[in-house]
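# Summary of structural features
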Amino acid sequence: MSDPIYTYTMHGQQARVFPFAPNWASPVNEIYEWKTEVLRAYDGTEQRRQLRTDPRRSFEYSLLQSGDLAAMLENYLWAWHDDYYALPVWTDIGRLSANANVTDRTISVVTDTLDFHVDEYAIIWHNPRLFEVIEIESVTSTSITAKSGLAKSWQQGSKIFPLVLAHLPATVPTQRLSSNVIVGTVTFG
């Protein structure tokens, strides 16, 4: 079965959505890294200054895919491994509080504890083959407004995640457990 290539331009970068959810039998690690500089004077006093306005964020999780999704994962890793991915923040799951119809711009979702931001992106996700990326125009505690209308209808309860630009290292360790099953660990920076 041939899969369409879902590529988007996010913040000026071409990115392909990485639609493979974690194997929840293992933890998903989200790592924040700050960068500061410490300047020491001769008298022993110190001055610290921030070198990054936002911390560097990385994600690490294990994958378990079977059937044709195993082949799809291998294709993604081989064809796009050195480019940007649009990565769902799998730990920030929201659910649509009401149906969202084609061309709707307002999506009902409780956003209080989720990392949605204006001029960023979100993904409404059902499975690795069925999802939709939206650019966020505004966020309230009970909804997200997209910059353009939805391309398809989504039912109440559908999953929605923030999207971030992420990059994989040059190699990703994977292992075929059988001709039908692949496991691996991805680390996005």
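Up top is the structure these notes are about.
First, a word on what this report is: a plain description of the structure on this page. Remember, it's a predicted structure, so these values are computed and weren't measured experimentally. (Residues numbered from 1 in each chain as written. Predicted model: local features only at pLDDT ≥ 70, side-chain atom pairs only at ≥ 80, totals over all residues. Heavy atoms only, no water.)

For the protein chain, the count of helices and strands is 1 helix and 15 strands. When its C-alpha atoms are laid out on the principal axes, the protein chain stretches across 70 × 45 × 30 Å. Across the 189 residues of the protein chain, 37% fall into the buried class. Long-range pairs, those at least 24 residues apart, make up 69% of the contacts in the protein chain with a sequence separation of at least 6. Carbon together with sulfur atoms contributes 49% to the accessible area of the protein chain, which is approximately 10600 Å² in total. Considering the protein chain, the positive charge centre built from 15 side chains and the negative charge centre built from 21 side chains are found 2 Å apart. (Helix = DSSP H or I, 4+ residues; strand = E, 2+ residues; numbered from the N terminus. Buried < 20%, exposed > 50% of the residue type's maximum accessible area, 1.4 Å probe, protein only. Contact = heavy atoms within 4.5 Å. Areas by Shrake-Rupley, 256 points an atom, 1.4 Å probe, with all protein chains shown as cover. Lys, Arg positive; Asp, Glu negative; His and termini not counted. Charge placed at Lys NZ, Arg CZ, Asp CG, Glu CD.)

Turning our eyes to something else, we now look at the sheet that holds strand β6 (residues 56-66). Reading across the sheet, the 4 strands line up as β3-β6-β15-β14 and stay open at both edges, with antiparallel pairing between neighbours. Lying at the two open borders of the sheet, with one neighbouring strand each, are β3 (29-33) and β14 (174-178). The average undirected angle you get between the axes of adjacent strands in this sheet is 15°. Across 5 bridges, the pairing between β3 and β6 is antiparallel. Bridging from a neighbouring strand, Glu 30 pairs with Phe 59 of β6. (Pairing = 2+ DSSP bridges. Axes fitted to C-alpha atoms, helices over the stretch in contact; angles between N-to-C directions.)

Glancing now at the packing of aromatic side chains. Applying the stated criterion across every chain yields a total of 10 aromatic pairs. Seen from their ring centres, Phe 18 and Phe 20 are 5.2 Å apart, and the 70° between their planes marks the pair as edge-to-face. Assigned by exposure class, Phe 18 and Phe 20 land together as buried. Both rings, one in Phe 20 and one in Tyr 76, keep their centres 5.2 Å apart while their planes meet at 85°; by these two values the pair is edge-to-face. Here Phe 20, found in the loop between β2 (13-17) and β3, pairs with Tyr 76, found in helix α1 (residues 68-80); they are 56 residues apart in sequence, far enough to count as distant. With respect to class, Phe 20 is no different from Tyr 76; both count as buried. Its guanidinium or amino end placed over the ring of Tyr 76, Arg 16 lies 4.8 Å from that ring's centre, counting from NZ or CZ. Against the face of Trp 154 rests Lys 152, its NZ or CZ located 4.7 Å from the ring centre. (Phe/Tyr/Trp six-rings, centres within 6.5 Å; stacked < 30°, edge-to-face > 60°. Lys NZ or Arg CZ within 6 Å of the ring centre and 35° of its normal.)

Let us now look at the pattern of salt bridges. Across all of its chains, the model carries 11 salt bridges by this definition. The partner of Glu 33 in a salt bridge is Arg 56, with the nearest N and O atoms 3.7 Å apart. Of this pair, Glu 33 sits in strand β3 while Arg 56 sits in strand β6, and the two are 23 residues apart along the sequence. The partly exposed category is assigned to Arg 56, whose relative accessible area is 46%. When salt bridges that share partners are traced, they join Glu 30, Arg 57 and Asp 115 into one network. (Salt bridge = Lys/Arg side-chain N within 4 Å of Asp/Glu carboxyl O.)

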